[in-house]
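# Residue-level structure breakdown
Chain by chain, the residues run as shown.
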Amino acid sequence: PENSDGSGSAMKMQANQMRPGHVIEHDGKRWTILKSQINTPGKGAAVIQVEMRDLKTGAKKDERWRTVDTVERLQTEQKEYDFLFATGDMLTLMDKESFEQIDLSADLCGDAKQFLQEGMVLTVDLVEGDPVAVILPSTVVLEIVQADPVVKGQTAASSYKPAVLANGVRTMVPPFIESGEKIVVRTEDASYVERARG
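The rules behind the values
Residues numbered from 1 in each chain as written. Predicted model: local features only at pLDDT ≥ 70, side-chain atom pairs only at ≥ 80, totals over all residues. Heavy atoms only, no water. Helix = DSSP H or I, 4+ residues; strand = E, 2+ residues; numbered from the N terminus. Buried < 20%, exposed > 50% of the residue type's maximum accessible area, 1.4 Å probe, protein only. Contact = heavy atoms within 4.5 Å. Areas by Shrake-Rupley, 256 points an atom, 1.4 Å probe, with all protein chains shown as cover. Pairing = 2+ DSSP bridges. Axes fitted to C-alpha atoms, helices over the stretch in contact; angles between N-to-C directions. pLDDT = per-residue confidence, 0-100. Core = buried A, V, L, I, M, F, W, Y, C linked by side-chain atoms within 4.5 Å. Polar contact = N/O pair within 3.5 Å; in protein donor to acceptor, adjacent residues only side chain to side chain.

## As for the overall build of the chain
- Along the chain, the regular secondary structure elements total zero helices and 16 strands.
- A principal-axis box enclosing the C-alpha atoms of the chain has dimensions of 65 × 55 × 25 Å.
- Relative to its full complement of 198 residues, the chain shows a buried share of 37%.
- If you take every contact in the chain between residues at least 6 apart in sequence, the share linking residues at least 24 apart comes to 44%.
- As displayed, the chain offers around 11,800 Å² of accessible surface, 48% of which is attributable to carbon and sulfur atoms.

## Considerations on the sheet that holds strand 11 (residues 130–135)
- Sheet architecture is open: five strands sit in the order 9-8-7-10-11, paired in antiparallel fashion. The open sheet has two edge strands, strand 9 (101–105) and strand 11, and neither has a second partner. Across the sheet, the mean angle separating the axes of adjacent strands is 45° when strand polarity is ignored.

## Concerning the confidence of the model for the chain
- Averaged over all residues, the pLDDT of the chain is 87; the fraction at 70 or higher stands at 92%.
- Here residues 1–7 is a poorly scored stretch, pLDDT under 50, and it has two contacts once near neighbours within four places are set aside; other chains count.

## Points about the nonpolar core
- Counting 30 residues, the largest nonpolar core has Leu-93, Phe-115, Leu-122, Leu-136, Ile-144, Leu-165 and Ile-183 as the members making the most contacts within it.
- Judged by nonpolar contacts, the second largest core, of eleven residues, contains Met-13, Ala-15, Val-50 and Trp-65.

## Details of the environment of Gln-49
- Examined against the element boundaries, Gln-49 turns out to sit in strand 4 (residues 47–54).
- At 2.7 Å, the side chain of Gln-49 forms a polar contact with the side chain of Arg-64.

## A few points about the pairing of strand 16 (residues 192–195)
- Direction of pairing for strand 15 (residues 182–186) relative to strand 16: antiparallel, over a ladder of three bridges. Bridge pairing in strand 16 links Val-184 to Glu-194.
- Where strand 15 hands over to strand 16, the hairpin turn is made up of five residues, of which Ala-190 adopts a positive phi near 65°.

Shown next as structure tokens:
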């Protein structure tokens, strides 16, 4: 077994500390966490509901832990890459230091893959040299290609309206945003942040 002094690549952590992007060892396999939420039933202890993906096969699985449980979290190192282009489901990235190119599955980006843009700097999480997750910048700038007209009598503060971004993703924007404008969007959940400056 690994020593618990941190010299190994795994460390124990409470199940309720699991976050998307973490990599854990479970049932002899390595999993990357896609989503985690804490459910508190009416009675009894809270449980952590986790959606995770098998690093080798790509198969997804839902798993539950109690908050008191511990899991083996694998240490990850991070490297920055430039995103060059996508071919089908494969992304070609270039190491910013060595200029070496690598091909990775777009699935490593999770749902954020729809926001990939050429030239974007991506952070790749590695476990013992194996890529386990690709992290996009937290926000991107995109043009609105379609925005619903504001409903008469709707106050500016009351509600956002549906809009479609240049990459086809739907989002909700404040009433004053028109088609053709560029906005800043969160890659995590496609939510509106602000009007793009400049």
